[in-house]
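# Coordinate inspection notes
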Protein chains: 2
Amino acid sequence: MASIKDVAAEAGVSVATVSRVLNDHPSVSPAARTRVLAAVEALGYRPNAVARSLRTDQTHTLGLVISDVLNPYFTELARSVEEEARALGYSVIIGNADERPELQDHHVRTLLDRRIDGLLVSPTDGGSPLMLDAARGGTPMVFVDRWIPGVDVPVVRADGRAAVRDLVAHLHGLGHRRLAIIAGPAATTTGSERVEAFREALREYGLPLPDTYIGQGDFQAASGRRVTEEFLGLPEPPEAVFAADNLMALGALDAIRARGMRVPDDIALAAFDDIPWFVHTDPPITAIAQPTPELGRAAVRALVDRIEGRPPQSVTFAARLVVRRSCGEPAATNVTR
Amino acid sequence: MASIKDVAAEAGVSVATVSRVLNDHPSVSPAARTRVLAAVEALGYRPNAVARSLRTDQTHTLGLVISDVLNPYFTELARSVEEEARALGYSVIIGNADERPELQDHHVRTLLDRRIDGLLVSPTDGGSPLMLDAARGGTPMVFVDRWIPGVDVPVVRADGRAAVRDLVAHLHGLGHRRLAIIAGPAATTTGSERVEAFREALREYGLPLPDTYIGQGDFQAASGRRVTEEFLGLPEPPEAVFAADNLMALGALDAIRARGMRVPDDIALAAFDDIPWFVHTDPPITAIAQPTPELGRAAVRALVDRIEGRPPQSVTFAARLVVRRSCGEPAATNVTR
DNA sequence: TAGGCGCATGTAATCGATTCCACGAGGAGG
DNA sequence: CCTCCTCGTGGAATCGATTACATGCGCCTA
């Protein structure tokens, strides 16, 4: 592979001049510039990003550590992150933690070893020493979707509180009174917040939330299935189930079908995180939609601001309820798609 | 960030000794080793992968360029690729081409600039000059799922021919005679091969495949919807539709429902590529399943073999038919899950 | 006891870029 | 005509690692 020296030799100039041409430094004569560009062309030269990074101490690369690539919510997030980063001149390296803290640490470590310019994280847990050290040690960092309390890192996320209240109103309006939730791990913010929002909304309607109606899941389909089976086995099973993410909702759907029951006739179902597939299931599933692409874009912008010395901003978007048919017939005024 | 020099100073040895300890070179005294390790610990030193790569000309990184991250088939592939690579001591950088050749080229270019050790590609097209040059220029490369004919690059893929024949037999056995296909782009091998296999299987059963029953899709849901609408608008619509990937199948499902028709009563539907969601749709969709994780693992092994100087092997797996309910009642002997 | 061998270690070159500094040529101004 | 400034250019240091080569020491053997 041709190096800058080869180009310099071919063009009959010094490596310094070649470098200047490549970084369009102003003080290069037109003649030299032409010769260098011709040499670059002739040799098919491409600058070695590794060498460049070593010298400049910049990789123009962002790390993105997500909790689960198999979850469509996160792939959509990853896609928008990459898109925005590319627009701003950065590449993205994705690390998939599979909801496992030690795998998350592995990725954080290798990303730091590669000297990425900044880190975008959706933590699977309350924060390992490694990640906390990195944050405190000055690695530009932004949390997206989930975050870790008590760390001075900007957070880009969606607030589902209002949408959860809308959902409870919707369920209440349809006559449902016994509402249950399949929660995510309490160590994650999205795990605990969604339960809190749900509990609060129920209180507004004077509805109870007994412990038996709070199932402990782990954001994976299997846990949704298990928890739903437990719900259905109760002496007084819930009339509606709210899953804190889309994978657990599908697990729930599965468990309900396995019992020969129908949604929404026998039991209502709703999910946090809307995904394209929810339109295609039978029945289409009512869900709380985050503006996922906007989240990704805002997170990248915040991180790049931080990297390039501008003050980064935490951003909170609003999630919104998308009513479909899985809780019963929608009122005419509600959004359907 | 501490460098090897700082460690050397702290431990009172030269950088060479530090390097030897880190790469466990045999000839280092136990005393020196201990002092170095203590210094590493004290400073929280981590070797700079950028500098190391520059010197050794190895990045221990593989590039993976896939056609569409939003397609669950590819995310599953990406996951298994990363897993196997990690087991072999490599990291993976994923580039998403979004089925756009120019984006594919962008990713190939930046990956090469980063001097990745090898490239795993599922090409979106017949091969750009850039990719062909890279392949011929000696960049270790392996094609996975899709490939480009006429290039000397190992291919790891699944052969769907037998499974497609099984599918046609299944459809024929259920009494369907007018079978149609939603094809992928002809520039991709999976696009053309699946049509060919289908055509051949139909011929075995003496069934025709008129041009009106070959819809041209692009592996995205919208195209599946459009093509299906065209099918349904024909004077004599097909009795069964076979979508060449999962996203187009969902588009088809959508179009069928929009007409108020039911699967499989009014029309049968099957898809290439099985995904977890197909179990949850109503009805569950009959599909041709590739051993996706095995594909990813084999591709990584082939690529790493090539990188480390062992002869790489092309591998072809068999795809298999998974019968569910979207074509009609399954025969008792067929696999269901 | 001298020669030789091997081990532990250090010095310095090297990878491919960027960039500071010095230098020479040429033009402007006094 | 001399001085000074600007512009284009090249030499060389530098980033942080790896590694070939040199060196010195201790020990074994003849």
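Residues numbered from 1 in each chain as written. Chains lettered and ligands numbered in written order. Predicted model: local features only at pLDDT ≥ 70, side-chain atom pairs only at ≥ 80, totals over all residues. Heavy atoms only, no water.

Once that is clear, we can look at the overall build of chain A. Looking only at helices and strands, chain A has twelve helices and twelve strands in total. The C-alpha atoms of chain A give 25 Å as radius of gyration, which overshoots the globular expectation for 337 residues (20 Å, by more than 25%). Reported as C-alpha extents along the three principal axes, the dimensions of chain A are approximately 85 × 40 × 35 Å. For chain A, the share of sequence-separated contacts (at least 6 apart) that also reach a separation of at least 24 residues comes to 69%. Of the side-chain charges in chain A, 36 are positive and 43 negative, and the distance between the mean point of each set is 5 Å. (Helix = DSSP H or I, 4+ residues; strand = E, 2+ residues; numbered from the N terminus. Rg over C-alpha atoms; globule rule 2.2 N^0.38 Å. Contact = heavy atoms within 4.5 Å. Lys, Arg positive; Asp, Glu negative; His and termini not counted. Charge placed at Lys NZ, Arg CZ, Asp CG, Glu CD.)

So, on to the sheet that holds strand β11 (residues 315–318) of chain B. All names here are of chain B. Here six strands make up an open sheet; going across it, the order is β2-β1-β3-β4-β5-β11 and the pairing parallel. The sheet is open, and its two borders are formed by β2 (91–96) and β11, each paired with just one other strand. For this sheet the average axis-to-axis angle between neighbouring strands, irrespective of direction, equals 20 degrees. (Pairing = 2+ DSSP bridges. Axes fitted to C-alpha atoms, helices over the stretch in contact; angles between N-to-C directions.)

Moving on, we come to the interface of chain A and chain B. Taken together, the 45 residues of chain A in the interface contact 45 residues of chain B. Each partner contributes to the roughly 4000 Å² buried at the junction of chain A and chain B, and carbon and sulfur atoms together form 58% of this total. The largest contributions to the chain A side of the interface with chain B come from Arg 115, Trp 277 and His 280 of chain A, which together make up 19% of the buried area. Where chain A touches chain B, the interface holds four salt bridges. (Buried area = accessible area lost by both parts, 1.4 Å probe. Salt bridge = Lys/Arg side-chain N within 4 Å of Asp/Glu carboxyl O.)

This next bit is on the packing of aromatic side chains. The description of an aromatic ring pair uses the distance of the two centres, along with the angle that the planes make with each other. Residues and elements named next belong to chain A. Counting across every chain of the model gives nine aromatic pairs over all chains. Each ring, one from Tyr 73 and one from Phe 74, has its centre 5.0 Å from the other, and the planes form 70 degrees; the classification is edge-to-face. Between Phe 198 and Phe 242 the ring centres are 5.4 Å apart and the planes differ by 40 degrees, which places this aromatic pair in the tilted class. One end of the pair, Phe 198, is in helix α9 (residues 189–204); the other, Phe 242, is in strand β8 (residues 240–243), with 44 residues separating them in the sequence. The pair Phe 198 / Phe 242 is uniform in exposure class, with both members buried. Looking at Arg 194, its charged tip hangs above the ring of Phe 272, at a distance of 3.7 Å from the centre. (Phe/Tyr/Trp six-rings, centres within 6.5 Å; stacked < 30°, edge-to-face > 60°. Buried < 20%, exposed > 50% of the residue type's maximum accessible area, 1.4 Å probe, protein only. Lys NZ or Arg CZ within 6 Å of the ring centre and 35° of its normal.)

These figures come from the coordinates and say nothing about function on their own.
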